[in-house]
Amino acid sequence: MVSLTIDGQRVAVPEGTTILDAAKKIGIDIPTLCYHPDLEARAVCRVCVVEIEGQKLLQPSCAYPVSEGMVVHTNTPKARQARRMAVELMLARHPQGCLECIRNQSCELQALAERLQIREIRFERKLRDLPKDESTPAIVRDPDKCILCRRCVAMCHDVQAAGVLYPTNRGVDTVVTPAYQRAVSDVSCALCGQCIHACPTGAISERDDTEAVWQALADPNKHVVVQTAPAIRVSIGEEMGLPVGTIVTGKLVSALRRLGFDRVMDTDFTADLTIIEEGNELLHRIKNGGVLPMITSCSPGWIKFGEHFYPDLLEHISTCKSPQQMFGALVKTYYAQKMGIDPKDIFSVSLMPCTAKKYEADRPEMRSSGYKDVDVVLTSRELGRMFREAGIRFEDLPEDEHDDPMGISTGAAAIFGATGGVMEAALRTVYEVATGKELGALDFVSVRGLDGIKEATVDLDGMQVRVAVAHGLANAKKILELLREGKAPYHFIEIMCCPGGCVGGGGQPIPTRMDTRAKRGEALYLADRSLPYRKSHENPAIKEIYRDFLGEPLGERSHHLLHTHYTKRGKYPWLSS
Amino acid sequence: METPEVEKCRTGSSGQPDEIDSILEKYRGRKDALIPALYDIQKVMNYLPESAAVKVAEALEVPVSKVYGVATFYTLFSVKPRGKHIIRVCESAPCHVLGAMNVVKELERELGIKVGETTKDGRFTLELTSCLGTCGVAPAIMIDDVVYGNLTADKIPHILSEYR
Amino acid sequence: MEFYRSHVLVCGGTPCVLEGCKAVRDALISEVRRAGLAGEVKVVETGCLGPCDMGPIVVVYPEGITYARVGVKDVPVIVEEHLLKGRAVDRLVLGTGAKEKGVVSYERPPYFELQQRIVLRNCGMIDPDSIDEYIARDGYRALAKCLTEMTPGEVIDAVKESGLLGRGGAAFPTGVKWSFTARATANQKYVVCNADEGEPGTFKDRLILEGDPHSIIEGMAIAGYAVGADKGFIYIRGEYVLSIERLERAIQKAREYGLLGEDILGSGFDFDIEVRKGAGAYVCGEETALIESMEGDRGEPRLKPPYPGTCGLWGKPTVVNNVETLANVPPIILNGPKWFRGFGTERCPGTKVFTLTGDVNNKGLIEVPMGITLRQVIYEIGGGIPGGRAFKIAQTGGTSGGCLPKELLDVPMDYFSLPEAGSALGSGALLIVDDSHCIVDIARCFMKFFKHESCGKCVPCREGTDRLYEIVDKVAQGNGRLEDLDLALELSRVMQVASLCGLGQAAPLSLMTILQYFGDEFREHIVGKTCPAGTCGF
Ligand SMILES: Cc1cc2nc3c(=O)[nH]c(=O)nc-3n(C[C@H](O)[C@H](O)[C@H](O)COP(=O)(O)O)c2cc1C
Ligand code: SF4
Ligand code: SF4
Ligand code: SF4
Ligand code: SF4
Ligand code: SF4
Ligand code: SF4
Ligand code: SF4
Ligand code: SF4
Ligand code: FES
Ligand code: FES
Ligand code: FES
């Protein structure tokens, strides 16, 4: 332990602690901007500078390690002047567009300016005047709002291994951009949206599609159907001011009804369906010498990453569509038939934790119903905006239930939203299908939690099935490199693009950090335990759809509606186009 | 700026794809060799086109965004086509004090271009640079690898004639 | 070695090459041969002799007569008069010329009088491409002494005792720096020679490397032995074409002689050196930016701590030393720390190599004891201001340094006195500006440099360098505002203490000193809308 004095208070902290964290321990919140608790400190904004006795230079508290006997002052005139000057300098080159900005009220720069009471900018206002990038259906980049904190760079390279964004040029001309100023649509971006969570400002955001949904809701000729992803029920509450990890499944359903959706159904239903299809695919591959290990396919961020970086491994990926797209295909076939509605009148909306899902819904393959299977994908943030605009007060809402026929689901589906959840759900089913025995303990704890890579071995009547789980693409990359070298000793691998899984998706409420990811994940496991059914194959609605419509798992209709194929995109997609 | 002349020196015999590959052979898997690799490629290609940056990224196993980020950081690299000869005029204080601006003006007049531009025939690109470390003979310029010092405006035409 | 009656040294430094010294050398060789003196007189191409702006320079030994601006047409006269008849050619002699008749009694011009050559001991004396000539002048004896008679600890102690301060600008005690790396435990350590030299007005490292490359190789090998590194790198700016060639050849020769490579001189010590080129970024002279660049990334400085001494290149303990620092090491080892402390001042022992630029009669490279005054350097060595103009400012330490007015001409030049006077010694660049120049225009030139060279990583420097330039530029354009001067000062003070690296910390210094001493000239631009020097066109 090291003891030091901060603003007159003594504090003892472990060696290697930063001044920032030490100060936090005694209730002093030093302002920061480029600092992000999950990313390596780069200490470039200099907002967190403090004075250390005996040093002429100010030091960045976010990165400066404590030492024995150090005496720190966080609010001397010198430190305050430097801090305020740094903010003033940034603001002088920043569009003052808070009122029209997507990050209005969730922007760290805005909050900082408010906190430091910056009332005047004495420098000439200058903008970089760089074009907005709206080339993808998922993310929008507005480099004029970029303050060059490089948090997105660390996220994209170190956590997501996609390496799309990097600083270019130097000095005052520095910009963060893809290589050769390419549009995001041209490069090997997973569209995971994690850079949005990294970004303190409105420089990166999701594409906002709420207007299309408002229009559909107002259109009397449209039958507007909505599906709610597993991870949304533990996160949308945050958008509405509730504590992190509050489970709001019932309130979410009633809020959606109030917004005017004609039918509120559940992606969890198709998550169960995914387990049946994927579980059978796995058993089929094992029995028939198919390509192993098989890798899960429900994360479109991971799929796109795989198509760019591992085109040689695509046959390892399960052919199952993601639950969102299974739902989309069924809503305009099975559901339309059952309800006697012309599929062309159905407008299908999905509520997702995810930016990549916007892209997924736009893929040309995702039209198995003969129409665009999912018309609009909204992230939790966009949905929050709609609720707020509509004046829906979450705390006063009753708890409603999802509608039939695709509204019943299991605990197995609920945990899809957390890393390891798909694997656990699959194991619950695969075990019982393969062995014909009932599973004693349902919880596969070894695949839970936030370790980057998790492994387990399951005994299927003498056959040892080895599984691995990775979340965050840098972790996925480690396993995929092993696989490429033929050294991955697994049968089944779950890959989730986002750290923590979909609870940490790129469309989730801001802030989404490791601690929020963990809390939302825990909430999903809680939801799992409270549900009457906890294994996908026990879901009565699933039994019904196979009986009435699909026939059998991996059958012809399934093949047509629920399975897909992938495209070799390569790392430099613009090269081929 | 994409004159046929520029095009020629960009893809002339030396810029063949297999030559790039053979240059990169010795750098394979060496992330630290990014700058030497860019030097070698620029030598034959005259600048660093995107297609070459991709090859560098592949050979050294680094993201192409980083190749671009590095290439745009250093002033000796260019990601845009340039003239056959690069004229760099020192604009740092010791040269400035001894009349670098007159040299710039004369160069602009002689070449018919402004700083930052390339002549129509693709022969010259005119750039400003920070100190070249030849301040003993300030004001100084560098044409490709060669320094010229103790310059006055009237020496410029003669120097340029060597490259015309 | 063969014995020659006379040695004719022709400077082969870059500045002289530009003035045509190669042709002069060739002419000398053929003229000497023609005169039948080939066995008695040796013509040698050397490194920089100092008065670079008066090149080509030729020096004849043993008399030590220096000829300036020698042209091919002067060669027959020199051979005929000096080498055959023993009479100096007055009109070509650098300095005041003959007092009495005859060569021997020539007075050394004051240009040389005040100088003391430790770092430049071989520059201009030997053929830099000849390892034999280096060895003949005690080269590699210091390395041999270390390897055979001294423990690494003793080497470090000797350097510590010498009081040698790093010559790259930060003036950190070299021996102390080495001891950090020596103490660090790691399976691999490195020595890096910082030859990125980008500070405007500085070209000493270039000329040391061109003139005496082996001294750097030897210094690095000694550093490697002292700290336990077996690998060295020289990071050199890409523009230094000749230095790079000479270094490569010298390294090759040293390997052939068993002075680099495995088991050097049978001592069991391995050390080898690789040359890495920079690609045009001043900030790469900053040691951690240099390391980033060597690792193949943008040359952006890293956070300190950790310092390179314990966590540097590829995370390994790394000694980074300036060229001039390393060149001091062999003589310290050979002659002992006491000898070294005999030069310079108590707190700054030794000499300093300066480069004189700007409005001064003798521009070029000089080496003087630490503590000599600015006035001596400018007026005695530099020969004063040309054209009868008046002195306006001297900027010490390059563009990163401060500007001193004539009232401060008597400040001693060392690492402590200059900062006390508000400036810096830095790399040893010295820029003299006469009264024909507008101070606002000069300040704008300084600010433009930093705006261009800021790496862009941290806010105070990235944004601040742009704003300081903008404010000064507005004044020069006639659009300045008085309140902007206060803002510039406030910003400057923030940059000094809050920037991430030395570039941003030093960037405002010149402007701050200019505003302090020449604030009125700024105000005249703003209020009176006139440029006293008449150079700002409004
Ligand atoms: C912006 C900047 C530029 C620098 N440039 C150089 C340089 O060109 N050469 C050099 O030796 N040191 C330079 N330095 C100092 C180095 O960071 C480092 O202190 C030095 O190389 C250490 O060597 P020394 O202890 O032998 O002086 C620079 C520092 C800064 C902040
Ligand atoms: S990014 Fe933040 S500060 Fe900038 S306009 Fe948007 S809300 Fe305002
Ligand atoms: S806070 Fe200020 S800028 Fe924003 S709406 Fe109110 S008055 Fe306008
Ligand atoms: S969306 Fe993901 S892959 Fe794309 S730039 Fe952002 S972090 Fe990188
Ligand atoms: S885009 Fe956002 S996260 Fe990335 S550097 Fe800019 S401000 Fe920071
Ligand atoms: S993959 Fe993610 S978004 Fe899709 S259904 Fe599963 S939890 Fe929801
Ligand atoms: S992990 Fe979930 S949120 Fe992230 S890309 Fe995959 S599906 Fe989308
Ligand atoms: S003194 Fe300088 S200019 Fe003269 S020959 Fe030597 S290097 Fe060249
Ligand atoms: S002070 Fe300037 S050069 Fe140094 S890190 Fe900051 S921006 Fe880069
Ligand atoms: S938060 Fe510490 S420097 Fe930005
Ligand atoms: S200032 Fe021009 S070469 Fe150094
Ligand atoms: S280069 Fe020859 S005297 Fe300086």
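These numbers come from a predicted model, not from an experiment. (Residues numbered from 1 in each chain as written. Chains lettered and ligands numbered in written order. Predicted model: local features only at pLDDT ≥ 70, side-chain atom pairs only at ≥ 80, totals over all residues. Heavy atoms only, no water.)

A short note on the sheet that holds strand β14 (residues 376-379) of chain A
All names here are of chain A. As a reminder, the rule being used: The rule for pairing is simple: two strands pair if DSSP sees at least two bridges between them. Strands are runs of DSSP state E lasting at least two residues, helices are runs of H or I lasting at least four, and both sets are numbered from the N terminus onward. Think of each axis as a best-fit line through the C-alpha atoms, taken over the contacting stretch in the case of a helix, with angles from 0 to 180 degrees between the N-to-C directions. By the convention used here, residues are in contact when the closest approach between their heavy atoms is within 4.5 Å.
Pairing within the open sheet is parallel, and its 4 strands lie in the order β11-β10-β13-β14. Of all the strands in the sheet, just β11 (263-266) and β14 have a single pairing partner and so form its edges. Averaged over all adjacent pairs, the angle separating strand axes in this sheet is 25 degrees, with direction ignored. Pairing between strand β13 (residues 346-352) and β14: 4 bridges, direction parallel. What sits directly across from Val349, in β14, is Val376. Across the sheet, helix α6 (residues 210-218) lies against β10 (223-228), β13 and β14, angled at about 120 degrees from β14, the strand it touches most.

Thoughts on the domain arrangement of chain C
Residues and elements named next belong to chain C. Filter applied, for reference: Domain delimitation follows an automatic or database domain assignment. Buried area: the accessible area, evaluated with a 1.4 Å probe, that two parts lose upon being put together, summed over both parts.
Entries for chain C in the domain assignment read domain 1 (6-109), domain 2 (131-340), domain 3 (351-434) and domain 4 (439-528). Across the boundary between the two partners, domain 1 contributes 6 residues, which contact 5 residues of domain 3. Interface of domain 1 and domain 3: buried area, both sides summed, is about 360 Å²; carbon and sulfur atoms make up 55% of it. Sorting the residues of domain 1 by area buried against domain 3 places Gly50, Asp53 and Met54 first, and these three jointly supply 74% of that buried surface.

Section: helix α17 (residues 514-530) of chain A
Quick reminder of the rule: A helix is expected to reach a length of 1.5 Å times the quantity of its residues less one. Categorising residues by exposure relies on relative accessible area from a 1.4 Å probe, with only protein chains included: less than 20% of the type maximum marks a residue as buried, more than 50% marks it as exposed, and the intermediate range marks it as partly exposed.
The end-to-end C-alpha separation of α17 of chain A is 25 Å, in line with the 24 Å expected for 17 residues at 1.5 Å each. Buried residues of α17 of chain A: Thr516, Arg517, Arg520, Gly521, Ala523, Leu524, Tyr525, Ala527 and Asp528 of chain A, and no others.

A word on the interface of chain C and chain A
Convention followed: Criterion for a salt bridge: a side-chain nitrogen of Lys or Arg within 4 Å of a carboxyl oxygen of Asp or Glu. Distance and chemistry together define a polar contact, namely a pair of N or O atoms within 3.5 Å, with one atom able to donate a hydrogen and the other to accept it when in protein, and with adjacent residues in sequence counting only for side-chain atoms on both sides.
Counting from both sides, the interface comprises 37 residues of chain C and, opposite them, 36 residues of chain A. A combined buried area of about 3100 Å² lies between chain C and chain A, and 54% of that area is made up of carbon and sulfur atoms. Among the residues chain C hides against chain A, the three largest losses belong to Arg298, Arg467 and Val497 of chain C. Together they make up 20% of the total. Across the contact surface, chain C and chain A share 8 salt bridges. One salt bridge in this structure joins Arg93 of chain A and Glu463 of chain C, with 2.6 Å as the shortest N-O distance. Scanning the region where chain C abuts chain A turns up 20 residue pairs in polar contact (both at pLDDT 80 or more).

Description of the sheet that holds strand β4 (residues 65-67) of chain C
Residues and elements named next belong to chain C. Here 4 strands make up an open sheet; going across it, the order is β2-β1-β3-β4 and the pairing mixed. In this open sheet, the two strands that pair with only one neighbour each are β2 (41-46) and β4. Neighbour to neighbour, the strand axes of the sheet diverge by 20 degrees on average, direction disregarded. Here strand β1 (residues 6-11) runs beside strand β3 (residues 58-61); their pairing, made up of 4 bridges, is antiparallel. Opposite Val10, over in β3, you have Val58 as the bridge partner. Contacts from helix α3 (residues 75-84) reach β1, β2, β3 and β4 within the one sheet, and its direction differs from that of β4 by about 175 degrees.

Quick notes on a negative patch on the surface
The line we're drawing: Patch membership requires more than 30% relative accessible area and the absence of a salt bridge. Residues of like charge join within 9 Å; the nonpolar side chains Val, Leu, Ile, Met, Phe, Trp and Tyr join within 5 Å. What sets the accessible areas is the Shrake-Rupley method with a 1.4 Å probe; for residues, cover comes only from the shown protein chains. Under the counting rule used here, the positive set is Lys and Arg, the negative set is Asp and Glu, and His together with the chain ends is not counted. A charge is said to be at NZ when it belongs to Lys, at CZ for Arg, at CG for Asp and at CD for Glu.
Residues Asp230, Glu262, Asp263 and Asp270 of chain C make up a contiguous surface patch of negative charge. Within the element layout of this structure, Asp230 of chain C appears in the loop between α10 (213-227) and β6 (231-236).

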